[in-house]
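Letter by letter, the chains look like this.
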Amino acid sequence: MMPASSSTSAPGPWRAAWQRLQRQRTAMIALSGLAFITLICVIGSLLYQESQSAQNLQAVMLPPSLDHWMGTDNLGRDVFQRVLCGGGVSLLVGIVATAVAMGIGLAYGLVSGLGGGRVDGLMMRIVDILYGFPFMAFVILLTVVFERSLTLLFVAIGAVEWLTTARVVRAQVLALKNLEFVLAARACGAGTFHILWRHMIPNVLGQVIIYASLTVPNIMLLEAVLSFLGLGVQPPASSWGSLIQEGAANMETSPWLLIFPGGFFIATLLTLNLLGDALRDALDPKSTQQT
Amino acid sequence: MIRFILQRLFQGLIVIIAVISLTFLIVRLGPGNPFAKEREMPEYVRQNLEKLYGLDQPLHVQLGRNLWNFATLDLPVSYRLKGWTVGDIIAQGFPVSFTVGGCAFLIAIGIGIPAGALAAVRAGQFQDRATMLVATLGICVPSLVLGPLISLCFGLKLQWFNAGGWYDADDWVLPSVTLGLISAAAVARLTRGGLRETLAADHIRTARAKGLSESVIIMRHAFRLACLPLLNYLGPLAAGLISGSFVTETVFQLPGLGRHFISSALHKDFTLAMGLAAFFAVLIVGFNLLVDILQAWLNPRIRLTEK
C-alpha cells in the first residue's frame, strides 16, 4: 500500500520542471536579467509615454550625462526614455506575435494529428509547401500593401512563424493518440473535444512552451529588421529596431545612439536564448537524462 | 531515387506557382495602386496605362497571364523603372548578391564547422566552453547592429574599405564578413550538437574498439552523419545568403536583389516585387532539392529505403 502522504512528496510535472530549472545557474541569471529588463521597460513605458517624444532643440545630440543617462538624439529627445519605451514595444510584439504563431500552430497540429489519414496528409503537404516560401519577402509585401500598424505586425509575423509548431504538435498528437490512457478515455465515452482538452493539450503544452521560448527572440529580431527598414513601428512611436536604425545613421558623430538600444536588444536576445535552452533541458526529461 | 527527385521537383513547382499566385493576390486585392501619384491623373491616361499592363481584365485572367509569363520566362516590365524588365534587374542585381552571399557562406562554414568540431571533440573542456560562449553571443548579435559597427570600425575609422557602396573590387569584404560571422555562430552550434550525438553512437564505439586513430574516427566515421542535421540548416542558409540580405544590403548600400526588393515594395512596383519573390522561391526550392540529394548520398539509410 502506498502511504497517503506520497502524493504531496512527489512533485507534479510542472513543479519538477521548475525545480530542474532552478538548479541551472545560467538559467536563473538569464531569468533575472530578463525580468529586470522587462520590468524597467514596462515601468518606463508607463512613465515616459508622453515625454519620450518631447523635443528639446536646445539639447541636441548630447553625450550621456547625469541629466540624460544615455544622451539625447538629433531632436533633443532623451535616449534613456526612448530605449525603455522602444523596449516595451519590442517585447510586446515579441510576446503577442509569438502567442499568435503558437495558437495557429497548436490548432493546426491538433486538427492534423487527430484528423489523421487523408486530412493529415493534405495538411502536412501544405506545411511542406509553405516551408519553401520566401517569408521575409511576404512579410515585407504585407507591411507595404496594408496600412502599417502594430496589429498588422502581430498578424503578419504570427502568420509566418507557426509552421514548426504545427509539425511538433502533430508529431506529439500522433504519438499520444493510441496510448492506453487515451483509448481508456475513449472507451469511457469521452468525446473528441474532451480528449483534446483534457489529454492532448496538457501533454503537448511542454513542447509548445519550449518552442515558444525559442521563437520569441526570432520574432523580436524579425520586428527589429522590419522597423530598421522603416516598415515596422512608425514614428513617433519607436522600437529597438527603429532606434538602432536612427543610431546607425548617426553612429560616426554620436555612437551612444547605436550602443544603448543595440546593447539592450542584444542583452534581451541573449537572456531569451539562454532561457530557451535551459527550458528545453528542464521540460524535456529525455534531454536531461542525456546530459 | 529518381522518383524521389521527381516528386520533390513537382513539389517545388507547386511552391513556385503558389508564391506567384499569393504575391499577385496580396498585391491586387490590397488597397493602393502603383499609378496613384500625388498629381491627379486624367481618366483616359489611367485607362491606357491599365490597358498597357493588362490591369483592366478580370482577376483570374491577369493571374493566368502572369503565370504564363513566368513559365515562358517572358518576364514583365517593371512599373517604375521604365524600360527594364524584371529579368534585366535580376541579371544586374544577382551577381552582387551572389558574390556577397557566396563569400559569406564560405566564411560561415569555414569558421563555423571547425569551431563546432573542436568544441565537440573537447567537450566540457576549456576550448568547448570558450567556443560555445562566443557562438552563443554571436547568435544574439543581429546584423542590424553588427553591420553598422563593422562599417563604422573598418570603413569610417580605419578606412581599410569603403563604408558602403559597390565601387571597388574589395567592397564585398565588409558585408560578407558581417553575414558570415553571424551565420558561423549558428553553424558552430549545430556542428557541435550533431558531432557530439554521433560520437556517442554505437558504430563509433566499435571503431574505437578496433583501435582506429581519433582523427580517422572523426573525419571518416563521425563527420558524415554529423553533417545531416547541419545540412538542413545550410540549404536554406545558402539560399537566403545568395538571394541577398535585406538588412546588410541596406546598411552597406549594395545594389543587390535584397535592396531592389525593398525599394520595389516601398514604391509599389508590384511586377518587380512579384518577380523577385518568385526568384527567391526558385532559389529556396533549388537548394532544398540539393540538400535532399546530398542527404541521400551521405546517409545510406535514406539512400537504400528510397530506391
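Below is a summary of the structure that appears in this document.

Here is what the cut-offs are and how they apply
- Residues numbered from 1 in each chain as written.
- Chains lettered and ligands numbered in written order.
- Predicted model: local features only at pLDDT ≥ 70, side-chain atom pairs only at ≥ 80, totals over all residues.
- Heavy atoms only, no water.
- Helix = DSSP H or I, 4+ residues; strand = E, 2+ residues; numbered from the N terminus.
- Buried < 20%, exposed > 50% of the residue type's maximum accessible area, 1.4 Å probe, protein only.
- Contact = heavy atoms within 4.5 Å.
- Areas by Shrake-Rupley, 256 points an atom, 1.4 Å probe, with all protein chains shown as cover.
- 1 Å grid on protein atoms, 1.4 Å probe; cavity = no way out; pocket = protein on both sides within 12 Å on 5 of 7 lines; lining within 4 Å.
- Points joined across faces, edges and corners; volume = space filled by probe spheres on them.
- Nonpolar A, V, L, I, M, F, W, Y, C, P; charged D, E, K, R; others polar.
- Patch = residues over 30% accessible without salt bridge, like charges linked within 9 Å, V, L, I, M, F, W, Y side chains within 5 Å.
- Salt bridge = Lys/Arg side-chain N within 4 Å of Asp/Glu carboxyl O.
- Expected span 1.5 Å × (residues − 1).
- Core = buried A, V, L, I, M, F, W, Y, C linked by side-chain atoms within 4.5 Å.
- Buried area = accessible area lost by both parts, 1.4 Å probe.
- Phe/Tyr/Trp six-rings, centres within 6.5 Å; stacked < 30°, edge-to-face > 60°.

What to know about the overall build of chain B
Then step 1. The secondary structure content of chain B amounts to 13 helices and 0 strands.
Then step 2. Scanning chain B from its N terminus toward the C terminus, one meets helices and strands in the order α-α-α-α-α-α-α-α-α-α-α-α-α.
Then step 3. Structurally, chain B occupies a C-alpha span of about 85 × 55 × 30 Å along its principal axes.
Then step 4. Burial status across chain B gives 47% buried among its 307 residues.
Then step 5. Within chain B, counting contacts between residues at least 6 apart in sequence, those at least 24 apart form 72% of the total.
Then step 6. Of the roughly 15,700 Å² that chain B leaves accessible, carbon and sulfur atoms contribute 64%.

Examining empty space enclosed by the protein
Here the idea is plain: a probe the size of a water molecule rolls over the atoms and shows the empty space left.
Then step 1. All told, the structure shown has 2 cavities of 30 Å³ or more when counted by the stated rule.
Then step 2. Every residue lining the largest cavity is listed: Asp73, Val79, Arg82, Val83, Leu243, Glu246, Gly247, Leu257 and Pro261 of chain A.
Then step 3. Of all elements in the fold, only helix H4 (79-115), helix H11 (240-249) and helix H12 (256-283) of chain A reach the threshold of two or more residues within the lining of the largest cavity.
Then step 4. Classifying every residue of the lining of the largest cavity by side-chain character gives 5 nonpolar, 1 polar and 3 charged.
Then step 5. In this structure, the second largest cavity spans a volume of roughly 40 Å³.
Then step 6. For the second largest cavity, the full set of lining residues is Phe161, Asn162, Ala163, Gly164, Gly165, Asp170, Asp171, Leu174, Pro175, Phe252 and Leu254 of chain B.
Then step 7. Among the residues forming the lining of the second largest cavity, the class breakdown is 6 nonpolar, 3 polar and 2 charged.

Focus on a nonpolar patch on the surface
All names here are of chain A.
Then step 1. Taken together, the side chains of Trp14, Leu205 and Ile209 make up a nonpolar region of the molecular surface, amounting to roughly 250 Å² of accessible area.
Then step 2. Summarising the element assignment, isoleucine 209 is placed in helix H10 (residues 192-228).
Then step 3. You can call isoleucine 209 partly exposed: its relative accessible area is 32%.

Side note on helix H5 (residues 117-131) of chain A
Then step 1. The end-to-end C-alpha distance of H5 of chain A is 21 Å, a good match for the 21 Å that 15 residues give at a rise of 1.5 Å each.
Then step 2. Along H5 of chain A, the positions that sit buried rather than exposed are Asp120, Met123, Met124, Val127, Ile129 and Leu130 of chain A.

Regarding the nonpolar core
Nonpolar side chains tend toward joint burial in soluble globular proteins.
Then step 1. Formed by 112 residues in total, the largest nonpolar core has its most connected members in Ile140 and Trp240 of chain A together with Phe261 of chain B.
Then step 2. Membership of the second largest hydrophobic core comes to 15 residues, among which are Leu106, Val182, Ala185 and Ile201 of chain A.

Some thoughts on the interface of chain A and chain B
Then step 1. Each partner contributes to the interface: chain A provides 36 residues, whereas chain B provides 41 residues.
Then step 2. Carbon and sulfur atoms supply 84% of the area that chain A and chain B bury against each other, a total of about 3,300 Å² over both sides.
Then step 3. The largest share of the area that chain A buries against chain B comes from Leu141, Val145 and Met251 of chain A, three residues that together contribute 17% of it.
Then step 4. Taken together, the links from chain A to chain B amount to 1 salt bridge.
Then step 5. For arginine 189 of chain B, the salt bridge identified is with aspartate 277 of chain A, shortest N-O distance 3.2 Å.

Details of the packing of aromatic side chains
Then step 1. In total, this model carries 11 aromatic pairs over all chains according to the counting rule given.
Then step 2. Ring geometry for tyrosine 108 of chain A versus tryptophan 162 of chain A: centroids 4.9 Å apart, planes at 50°, classification tilted. One end of the pair, tyrosine 108 of chain A, is in helix H4; the other, tryptophan 162 of chain A, is in the loop between helix H7 (150-160) and helix H8 (163-177), and 54 residues separate them in sequence.
Then step 3. Classification of tyrosine 108 of chain A as buried rests on a relative accessible area of 15%.
Then step 4. We classify tryptophan 162 of chain A as buried; its relative accessible area is 10%.
Then step 5. Between phenylalanine 246 of chain B and phenylalanine 280 of chain B, the ring centres sit 6.3 Å apart and the planes meet at 80°, which makes this aromatic pair edge-to-face. Here phenylalanine 280 of chain B lies in helix H12 (residues 270-298) and phenylalanine 246 of chain B lies in helix H10 (residues 246-251), a separation of 34 residues in the sequence. Judged on exposure class, the residue phenylalanine 246 of chain B and its partner phenylalanine 280 of chain B are both buried.
Then step 6. Every member of this aromatic cluster is reached through a ring pair, and the members are Phe133, Phe135 and Phe138 of chain A.

Nothing here speaks to function; it is geometry throughout.
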